[in-house]
Every structure is written in structure tokens, then in C-alpha cells.
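Fold and geometry: a report
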Amino acid sequence: MPFVTSGDDSHGDHAEGPASDSTSNAGPSPSPDRSSGPRTPTPAAPAAATDLVDARRRLLRTTDGTKRADAPALRQILVDLHDFWLTTKGAEIGVRPDSGFAIVAVGGLGRQELLPHSDLDLILLHDDMDTARVSEVADALWYPLWDAHIKLDHSVRTVPQALQVAAADMTAALGLLEARHIAGDEALTTLLISGVRRQWRSDIRTRFPELVDQASDRWRRSGDIAHRAEPDLKNGRGGLRDVQMLGALAIAQLTDGMANLRPDSPGAGLQVAYNRLLDIRTELHRIAGRPREQLRAQDADEIGAALRIGDRFDLARVISDSARTISYSVEVGLRTAGNALPRRGLAKLRRSPVRRPLDEGVVEHSGEVVLARNAIPSKDPGLILRVAGASARTGLPISASTLSRLADFAPELREPWPAEALSDLLVLLGTGRHMVAPIEALDRTGLWGRLLPEWGAVRDLPPRDAIHTWTVDRHLVETTAYASTMTTRVSRPDLLVLGALLHDLGKGRGADHSIVGAELATQIGNRFGLWPQDVATLSAMVRHHLLLPATATRRDLDDPATTQAVVDALGGDRQLLELLAALAEADSLATGPGVWGDWKASLIGDLVRKCLRVMDGEQLHRPDPLTDDQRDRAKAGGVHVDIVGTGSMHTHLVTMIAPDQPGLLSKMAGVLSLNGLRCRSAAVQSYADSIVNTFLVVPAFGDPPDAGLLRQQLLQATAGTLDVIARIDARERDSPIPTAPPPVTDPDGAPIAVPALFAQAPPKVLWFDVDPTGPGDDGSAGDTRDRIVMELRAADRSGLLSRVAAVLDTHGVTIEWASVSTMGGTVVDTFCLRLPAGSSDDDAMRRTLAEAVLAVVPPPEPPRESDDGTSAAGVPIG
């Protein structure tokens, strides 16, 4: 993007300051023709400000061996120098106290942040003085600056004229909010500043949308500083103007101007981040010898050395860290300001917003995710992940006060993590791009690093090659977002998203990141509480995440030795191969445009197919054998329901036994769903004409219901007096936790956003022609001619198991056994089905069942449109 110097920018260096304007009751003389050189002074003409220019030049010259001032000191010296010159010149031309004139600074000089090559932004304020006198004073002030070739944005106004301009022009209003008295009649300046601020506060309700639109336009033009190779430090998202905008909102009394960031959080708070960018911009001016806001790659090493930061990579990391801190603060500030806008009309009469439950200890309030009143962060380490998961699932931001409270009081999770904490993490990681905002919020407030201490090594770490779009930490999140759209391709969606999150975690440590990362993955997998074989698989994913793309693009795929080398490296593990294939695609898509394409996809696909032919067939999971107690109850007949704890805070095991009848699994699962029990896993078996089902469940809120209540409802369901599917549908329609989150409205109740969530990965039904018979009464296998195995991979929803079982029962299919697993937001459910008698066309029955089952699962999310009009995968959207 071509860079426009501030000398060509009518707004100069101030935040959104007033353009040069000489319109007044008595304006100054017109500007001289600068192309003709300095004007020849006449006896009555003031001398050029050559003394000011010489002083600036000596200050910036460092070749004479004098000690160079650091960036903050340089800015302060420049401010003092210009203040002294203007005060002296003002006294010389009659701009004194009680003179009816005042010199007022805005922009960089007004903020006392004058940079080496910033414009001077000045206002000559007068108390409706005689036109000739105003012109004389203005000429005496402006011409010396013009003749010395000092860039100047100027205006001459009375206080009422300045207020009128501020009321009509947003950029002028923002500039005047930073006004500072320099010389002359201070009462005039005080009248202007107090008037502008009072006017700004009274008009902010109507001007706030314009302020947001103006910032959004600026972000679109200048991009995101944190992930830009040559960022615009002043105008980009996360830049200096954003902090100045927050200052304007603070003057309007809508925010306090600062986000609630702890000193030990990344970025160390908003003011520190702002000062870092300001120092970098100061050195950029000094090194470039001209006003420049876009940091070029060729200047980065010198700037990093001047500020004692390091090389250009170290500088890029500091910039990213600071910009992301500012971006987070701006998001919080704009949201806080929007909620604080004064209400008018009927909006004043509305009752306080309702607090709607989202998860255990988590509610929605005023369009934000907040803690429930009875939540105690100090006693609930998993609360951080439930808050983040609720934010990702609903599309609602996390309240800044909630993040601050969690940062202050939430303890670290014990090792290994409780099973529900890992499940909540998987829910978060399975929400696709919806996870980015809550993870960023956790990261900026120090909470993400508390969950993953290893994250600090890659936080804001710049890529070492140009093809990478993101910093390493953001690349990991982007890869996970892409991987979440592929969870139904693999049998272990949980390991896929965890591997995506960790695959480059070994970078920035001075060794082969695949080897270091594999060791870290083992450490983290044990902390998460994964089974040893899953830890080994996770570590192998990180160790070999480059194996498939490197082999496919650099080796001869027709050579059998190539295929055998890959199979040997993976130990013949078919599951690991499918995980690496999905991870390779997600990693490439998250790297940058053009990294993943048809050519690379075809090569990796060919390699995977060759490897699969060498490997053994896939083994399906079957339920564990029944216990003696379960067998005895099944023989005795009747309906039995037990609920026992598992040792985890929120997880319980429910056992249901009842005489066999059609649709029993659907009714059992439906009863659990009606009572707010979310099924994490299930084992469905039969014995002695009874169904013996065990469910690992987590209550949506509070404690689980009494087992007697579940038994009573199960009896009603089996007797036909309780239609569980109809009740689930009705509850889903009327639930305080709708499938689509509630619309976000402005203070007057008008909707400003209607977020809606879909499944990230498309649902999939797989069929297997293998021995599907589970252990029978005597442990032997039976007749398999009328049996098939169906595996459903889909996003979870309320009552999904009950709905799927009901669909199968409707088509006359008997469920011989089932193994149900919920991994985060994705279910992998395996059913051994006995087809109805007389089924002749097996393929037709499979198609019919697949269509019926897919009709009750969540639909996939529509393609996401990017800024350039393409989908997330680069496919043009019609």
C-alpha cells in the first residue's frame, strides 16, 4: 500500500485533528507560494524561524559524538523547544495574557508527543478581535514558520467558530479534544477546551456510530499492525490512533480509557503498549529523516538496535505484542462505551437485561459472557474454559470484568486436568473461527498462558519466511480453526484439534521445532490427562507433522521405498496417518494464500492411499463386557436407574437397565437430555432380554437430578405417556440457551448483530463390512449376515443420541450394541445395526438410513467470506 506522508495529510499528526483552515471573521494573509523559496523579508516582516530549525537540526544530528537522546527524551525536548519558541514569539507579537489572543496546540504538540518530523498543528484563537489586528498577528505567527519550511497545519478562529466546526466535523472534534494552551490569554483556551469537551459529551450518543465507522474505515485501509509485514504504526488496527480514540471515549465518560489488564499480562497494559509503539515511531522518523508512519523492513534492524530491542524479528515481536494489546483494549473500550451510551425514549423504561444461563457458573448479560452470581472462581479452576467455550459457542464476547476477576482469583488446574476441563477445552477448539476472539481475550489477560505455560515462547513470535501470514501463536490458532472443519474425517477429532494447537509449539527455542515440540506435546498431553497411548499419538503428530507434505513434494511417490519409509516412520499406525493427513491440510491453509492447492492435495492424497494399502485394516471399538451386578439386574428384569460420581467435580455415571423394547435407547437418552445431562460417552448392550446402557454425563447446571426422577420418567417414556423427542424439541425452541445466540442490540433495542452458529465440519456417516457382533451372552460371535456397523461423525446438539436412535427405530433397525463418544463438540457414535427382516437391497438401506440420520444433526457452517470476496478456502463466493 503506498504510504502518504503526514506532510501531504491535511490532518497532520494529531489524532483526528482539524484540517488546515484559515476561515474566520478576520483570516490571516494567504499562504505564500512555497515553491518560490523563502519570502524576502521587508522591514516590517518577521524573520524566519531559522533558530527553531537550527535547534531541531542540532538535536537530531548524532555524528558529532554527542550522546543521543532516547525516544521519550527526544519527544519531550522537541515539545519544550517548540513551546519556548511559540511562547517567545507570542510575547513578541502581542499574544500575552488578557490580549484577546491565544496560541493553542493540537495533535502531537497538543499531546506533548511531538516527533522529529511531525507537523505543527496550531490554532490562533481570538476573542472576536478587529479583522486587521487578527490578520497582523496571524501573519506575524505563521510566516516565520512557513519561511523556515516548517510543515504547519493552522487555523484562526473564535471560540464559537471552533465549537461550530467541532460539532460538524468528527476529525476536528477529536483533534480539539487534545488541545493544549501554549501562550496568550489562557481563559480563551480554557473556554475552548471546556466547551469542546462539554459538547462532545452531550453529543456522543449520536456521534458514536460515526466514530466507530471512521475507525473501521481506517482499519480497512491500513490493516492489522500485529500481522503486517510493514505495519502503519499510526493508522493501523492496534495503532496509536486507536489509543487516542479511547482517550476521546474516556473524555465522553463512556470508558476509563484503559482495559482491565494486569501488569503481568502480555503487553503489560495499554499505556506500556502505546509508549512502545510511540518510541518505535519516533525512531522511524529519526532514521528516515522524514515523516513516515509505515515501518519498512530495511529500517527494522536499525530501529531495533536504537531502542535496544534486538534485531528485526525481536522488533516485530514487540510490535505485535503491543498492537494486540491495543486491539483488545479497543474492543473492550468500544463495547463498554456502546453499553454505556445514554438511553432515550422507551429504552429508558425497559427492565434490566435478563441474565441467561450458558453453562455451569456462566451466564449472558447485556450481550456479554459473565460469571453467574453464585460462581466462585477461586474454587472452580475449570471456570476459565467454560467461560471461553460459552463465548465461542454463542459468539458473544467475554466481559472485561469477568476476565479480570478470573485473572485475579482463578487457580491453576491441577495435573492431570479433570476430564471435564479437557472436554471444555475441546468444545472451545471445535468451534472453528469462533474460538479466535475468546482465545485472544484469554491471552491478552494472561489466562491462556496460565493454561498453557509453554505458549509464552511462541506468543507474538514472527515467522522466519515470507509465506507465513500470521505470528506463530496465531498460526496455531488458525490451524486449529481449519482442523475443526475436518473433525468428521477422522476417528479421533479430539487428537486432531489438540495436535493442530500444538504442532508448532517447539518454535522459538533454538532447535528442531518438530523434535522439541514432540517433547512438549508429551508433557502437555500428560497434563491434559490423556491416556498414555493418546499422549504417544499426540507427540507423534507433532513430531511428524511435516512428514507427509515434505515426502509428497520432494520424493518419488512411484518408488515403493518412499511409501514404506512413511509407513515405517509412523509405525504402521493407520489412525496416526489419517490425523497427519488432515493436519497437513489445516497447517497449509493456515500458513497463507496459495500454500494449499490442488497439486499439493493430490500428491498428499496419493501418498496416503499408497500407505493405507500397506497398513492393516481398521479395528472398531466395542463396548466393555458387562459387570456381574449388571448381568444380575438384567436377569431379574424391571427398570433400574443408578447415578454415581466419578471422582470429577461435574461428571457422573448413569446406568439404565430395562426390558428390551423398540426405541428404548432413544427414550433413555431422551430422559437424560430432558434433565440437562449432556452425554459424554455411552455404551449400549443387551443381556437376558434386557437393555443395559451406561452413560457418562455432565449436568448443564448444578447437580444431577435424583435417580428416582429419572426412573419415573423412563417408566413414563416406555409406557408411551411421555414423548421425549417432542419434549426435547419444545425445550430446544424455548431454551434460554438457543442454538443461535440472542441478537445483540443497541441501547434502544435495535438489533445490530444476529450471530448464528453451525457445525464446523460436515457430518458424515460411514459403513463397515467387518465382523460387527459385540460380545454376546457367552462372549461368542453370532450370525453377521443381517448386521452392519454404522459410524456417525457430527457436531453435537441437544438430544442428538435420542434423535438418532429414534430415526433408526423408525426404519425398523435394531441396535445390537453401540459405543458413543463426545469429544468436545464432535460426536463419534458407532452402532451395530441388525437390518429388518426381508431387506434385500443393502446399499439402498444404507443410503436411506444415512439420509435420515443426517437430517437430525446440525448443518455445516456456510463458507466464510473474506475481505477479498472469497471463502476461507479461497473459493470465490457467487
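Preceding block: the structure.
Overview of the structure. Just so it is clear, the structure is predicted and the values come from calculations on it, not from any experiment.

A few words now on the overall build of the chain. Counting its regular elements, the chain contains 30 helices and 17 strands. Across the 878 residues in the chain, those meeting the buried criterion constitute 54%. By sequence separation, contacts in the chain at least 24 residues apart represent 72% of the contacts at least 6 residues apart. About 37000 Å² of surface is accessible on the chain, with carbon and sulfur atoms providing 51% of the total.

Residues Glu415 and Pro416 are joined by a peptide bond in cis, for which omega reads -5 degrees. Along the chain, Pro416 falls in the loop between α13 (400-409) and α14 (419-429). One non-glycine residue, Gln112, adopts positive backbone phi at about 60 degrees. The phi dihedral of His149 falls on the positive side, at around 60 degrees, and the residue is not glycine. Within the secondary structure, His149 is located in the loop between α4 (131-147) and β3 (152-157). Of the residues examined, His149 reaches a relative accessible area of 51% and is grouped as exposed.

For the rest of this paragraph, the subject is the sheet that holds strand β15 (residues 787-795). A sheet is described by the order of its strands in space; here 8 strands give the open sequence β8-β9-β11-β10-β16-β17-β15-β14, paired in antiparallel fashion. The open sheet has two free edges, formed respectively by β8 (640-645) and β14 (764-768), since each of these has just one partner strand. Neighbour-to-neighbour, the strand axes of the sheet open up by a mean angle of 15 degrees, direction not taken into account. The strands that helix α30 (residues 842-854) touches are β14, β15 and β17 (826-834); relative to β14, the one it contacts most, it runs at about 150 degrees.

Right, let's get into the side chain of Ser327. When you line up the elements, Ser327 lands in helix α11 (residues 312-340). Ignoring sequence-local partners within four residues, the contact set of Ser327 consists of Arg237 and Gly238.

A few words on the packing of aromatic side chains. Going through the model one piece at a time under the given rule, you end up with 3 aromatic pairs. A centroid spacing of 5.2 Å and a plane angle of 90 degrees characterise the contact between Tyr143 and Trp146, whose relative ring orientation is edge-to-face. Taken together, the residues span about one helical turn, with Tyr143 and Trp146 both in helix α4 at a distance of 3 residues. Grouping residues by exposure puts Tyr143 and Trp146 together as buried. The ring of Trp219 has Arg237 lying over it, and the distance from NZ or CZ to the ring centre is 4.1 Å. Residue placement shows Arg474 over the ring face of Trp470; its charged tip is 4.3 Å from the ring centre.

Before going further, it helps to spend a moment on the pattern of salt bridges. In a structure, side chains of opposite charge can pair up when their charged atoms sit close to one another. As enumerated under the stated definition, the model contains 43 salt bridges in all. A salt bridge links Asp279 to Arg75; the shortest N-O distance between them is 2.9 Å. Taken together, the residues Asp279 in helix α9 (residues 270-288) and Arg75 in helix α2 (residues 71-93) connect sequence positions 204 residues apart. Given the relative accessible area of 16%, Asp279 is considered buried. Glu478 serves as the salt-bridge partner of Arg433, at 2.7 Å between the closest nitrogen and oxygen. A residue pair is termed long-range when its members are at least 10 positions apart, and Arg433 in the loop between α14 and α15 (436-444) and Glu478 in helix α17 (residues 472-483) qualify at 45 residues. On the accessibility criterion, Arg433 (30% relative accessible area) is partly exposed. Here Glu478 falls in the buried class, since its relative accessible area comes to 2%.

Within a regular strand, side chains alternate between the sheet's two faces. Taking burial as the measure, the 10 residues of strand β16 (residues 814-823) include 7 buried ones, the bulk of the element. Bridge analysis of strand β10 (residues 677-687) against β16 gives 4 bridges, and the strand direction is antiparallel. Within β16, the residue paired with Ala682 across the bridge is Val820. The pairing of β16 with β17 spans 9 bridges and is antiparallel. Each bridged residue has a counterpart across the sheet, and for Val820 the counterpart in β17 is Asp829. Connecting β16 to the antiparallel partner β17 that follows it, the hairpin turn spans 2 residues, and Gly824 within it adopts a positive phi of roughly 70 degrees.

The next subject is the side chain of Ser666. Mapped onto the fold, Ser666 is located in helix α26 (residues 664-674). Taking the relative accessible area as the measure of exposure, Ser666 reaches 5% and is therefore buried. Contact partners of Ser666, with chain neighbours within four places excluded, come to Val724, Ile725, Ser802, Ala805 and Ala806.

Moving on to the sheet that holds strand β7 (residues 368-371). Here we have 3 strands laid out as an open sheet, ordered β5-β6-β7, and antiparallel in their pairing. Two strands lie at the open edges of the sheet, namely β5 (356-359) and β7, each paired on one side alone. Adjacent strand axes in the sheet meet at a mean angle of 45 degrees when their direction is disregarded. The sheet contact formed by β5 and strand β6 (residues 362-365) spans 3 bridges and is antiparallel. Bridged to Pro357 within β6 is Val363. The sheet strands contacting helix α12 (residues 383-394) are β5, β6 and β7, and the helix crosses β7 at an angle near 160 degrees.

Basis of the calculations
Residues numbered from 1 in each chain as written. Predicted model: local features only at pLDDT ≥ 70, side-chain atom pairs only at ≥ 80, totals over all residues. Heavy atoms only, no water. Helix = DSSP H or I, 4+ residues; strand = E, 2+ residues; numbered from the N terminus. Buried < 20%, exposed > 50% of the residue type's maximum accessible area, 1.4 Å probe, protein only. Contact = heavy atoms within 4.5 Å. Areas by Shrake-Rupley, 256 points an atom, 1.4 Å probe, with all protein chains shown as cover. Pairing = 2+ DSSP bridges. Axes fitted to C-alpha atoms, helices over the stretch in contact; angles between N-to-C directions. Phe/Tyr/Trp six-rings, centres within 6.5 Å; stacked < 30°, edge-to-face > 60°. Lys NZ or Arg CZ within 6 Å of the ring centre and 35° of its normal. Salt bridge = Lys/Arg side-chain N within 4 Å of Asp/Glu carboxyl O.

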